[in-house]
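# Structural features, examined
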Amino acid sequence: MVGPNGEQVGIVRVKDALRLAAEADLDLVEVAPMAKPPVAKLMDYGKFKYENAMKDRESRKKQVNTVIKEIKLRPKIDQHDYETKKGHVERFLAAGDKVKVTIMFRGREQSKPELGFRLLQRLAEDVTELGVVESKPKQDGRNMTMVFGSTRNKAQAQAARRKEQEQKKRERKGPESEAPEQDAAETATEAPAEA
């Protein structure tokens, strides 16, 4: 048996262990039933369950799920549209997500898959600082796909974004918060001069 503070009590009969638990106003919990002899511990079981639930909740908060975002393009995309889609890919990669880029071929475009391949290579070159190519371009029926992975993980991206937001808040509040302090300092120096 293990005591409430983690000290070893020794081998105790079940009746005596239950009596000790009742005297201490605690619960007798079997910790290792397969051990020879079985190990039991005196503890507040409700508090134990609550603490475990809180640990699980904290671990879920820190858990990060990687999301795969998808961007669809056409082989004959205009330059402005390409820049817009590239901006989306950069934003997703900066947020720590994976990006699946799909090029859709229609009609006669299917006979020229090199157009899609060149477009994907161009996109890969444009986003090299934010992401890496995880899977090379693959032709799948009418579509060609390629997957980019972010160079930093989701948790790092979220921490960096929070830091930027806090910095922006400080910049907005900066001049306003300094002005009242200066006024208070000026009145404090003026008051002794008048007296």
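Structure: above.
Reference entry: report on the structure contained in this document.

About the criteria used
Residues numbered from 1 in each chain as written. Predicted model: local features only at pLDDT ≥ 70, side-chain atom pairs only at ≥ 80, totals over all residues. Heavy atoms only, no water. Helix = DSSP H or I, 4+ residues; strand = E, 2+ residues; numbered from the N terminus. Buried < 20%, exposed > 50% of the residue type's maximum accessible area, 1.4 Å probe, protein only. Contact = heavy atoms within 4.5 Å. Areas by Shrake-Rupley, 256 points an atom, 1.4 Å probe, with all protein chains shown as cover. Pairing = 2+ DSSP bridges. Axes fitted to C-alpha atoms, helices over the stretch in contact; angles between N-to-C directions. Patch = residues over 30% accessible without salt bridge, like charges linked within 9 Å, V, L, I, M, F, W, Y side chains within 5 Å. Salt bridge = Lys/Arg side-chain N within 4 Å of Asp/Glu carboxyl O. Lys, Arg positive; Asp, Glu negative; His and termini not counted. Charge placed at Lys NZ, Arg CZ, Asp CG, Glu CD. Core = buried A, V, L, I, M, F, W, Y, C linked by side-chain atoms within 4.5 Å. Phe/Tyr/Trp six-rings, centres within 6.5 Å; stacked < 30°, edge-to-face > 60°. Lys NZ or Arg CZ within 6 Å of the ring centre and 35° of its normal.

## What to know about the overall build of the chain
Helix and strand counts for the chain stand at five helices and six strands. For the chain, the residues scored as buried account for 23% of the 195 residues in total. Relative to all contacts within the chain whose residues are 6 or more apart in sequence, the contacts with residues 24 or more apart total 55%. Accessible surface, the chain: about 14,400 Å² in total, of which carbon and sulfur atoms supply 51%.

## So, the sheet that holds strand β6 (residues 143-150)
Pairing within the open sheet is mixed, and its four strands lie in the order β3-β4-β6-β5. Two strands in the sheet have a free side with no partner beyond their single neighbour: β3 (68-73) and β5 (131-140). Along the sheet, successive strands turn relative to each other by an average axial angle of 20°, direction set aside. Those strands touched by helix α3 (residues 79-94) are β3, β4 (98-104), β5 and β6, and its axis lies near 170° from that of β3. Lying on the sheet, helix α4 (residues 113-126) is in contact with β3, β4, β5 and β6; it crosses β6 at an angle near 10°.

## Topic: a negative patch on the surface
On the surface, Asp25, Asp27, Asp44 and Glu51 cluster together into a patch of negative charge. Relative to the elements of secondary structure, Glu51 occurs in helix α2 (residues 45-62). Taking the relative accessible area as the measure of exposure, Glu51 reaches 38% and is therefore partly exposed.

## Here we look at the nonpolar core
Residues Val89, Val99, Val101, Ile103, Leu123 and Phe148 are the most contacted members of the largest nonpolar core, which totals 18 residues. Listed by contribution, the elements that provide at least two residues to this core are β3, α3, β4, α4 and β6. Among all residues touching Leu123, those that are not within four sequence positions of it are Tyr82, Lys86, Val89, Val101 and Phe148.

## A short note on the side chain of Lys86
Position of Lys86 relative to the elements: it lies in helix α3. Apart from residues no more than four positions distant in its own chain, Lys86 is found in contact with Leu123, Asp126 and Val127.

## Some remarks on the pattern of salt bridges
A pair can form between side chains of opposite charge whenever their charged atoms are brought close. One pass over the full model with this rule turns up seven salt bridges. Close ionic contact of Glu134 with Lys98 constitutes a salt bridge, the shortest N to O distance being 3.1 Å. A residue pair is termed long-range when its members are at least 10 positions apart, and Glu134 in strand β5 and Lys98 in strand β4 qualify at 36 residues. You can call Glu134 partly exposed: its relative accessible area is 44%.

## Looking at the packing of aromatic side chains
Working definition: an aromatic ring pair is given by the centre-to-centre distance plus the angle between the planes. Summed over all chains, the structure comprises one aromatic pair. One Lys or Arg, Arg122, reaches over the ring of Tyr82 and ends 3.8 Å from the middle of that ring.

## Quick look at unusual backbone geometry
Put simply, Lys36 and Pro37 share a cis peptide bond, and its omega is -10°. Turning to its location among the elements, Pro37 is positioned in the loop between β1 (27-32) and β2 (39-43). Positive phi, normally seen in glycine, also occurs at Asp25, with a value near 60°. Mapped onto the elements, Asp25 comes out in the loop between α1 (14-24) and β1.

## Observations concerning the pairing of β2
By the bridge criterion, five bridges tie β1 to β2 in an arrangement that is antiparallel. In the sheet register, Glu30 faces β2, and the bridge partner there is Ala40.

## Remarks on the environment of Arg152
Turning to its location among the elements, Arg152 is positioned in the loop between β6 and α5 (154-194). The partly exposed category is assigned to Arg152, whose relative accessible area is 32%. Along the backbone, Arg152 and Gly131 are 21 residues apart, and their C-alpha atoms lie at a distance of 8.2 Å. Among residues more than four places away in sequence, those in contact with Arg152 are Ala94, Gly96, Ala157 and Ala160.

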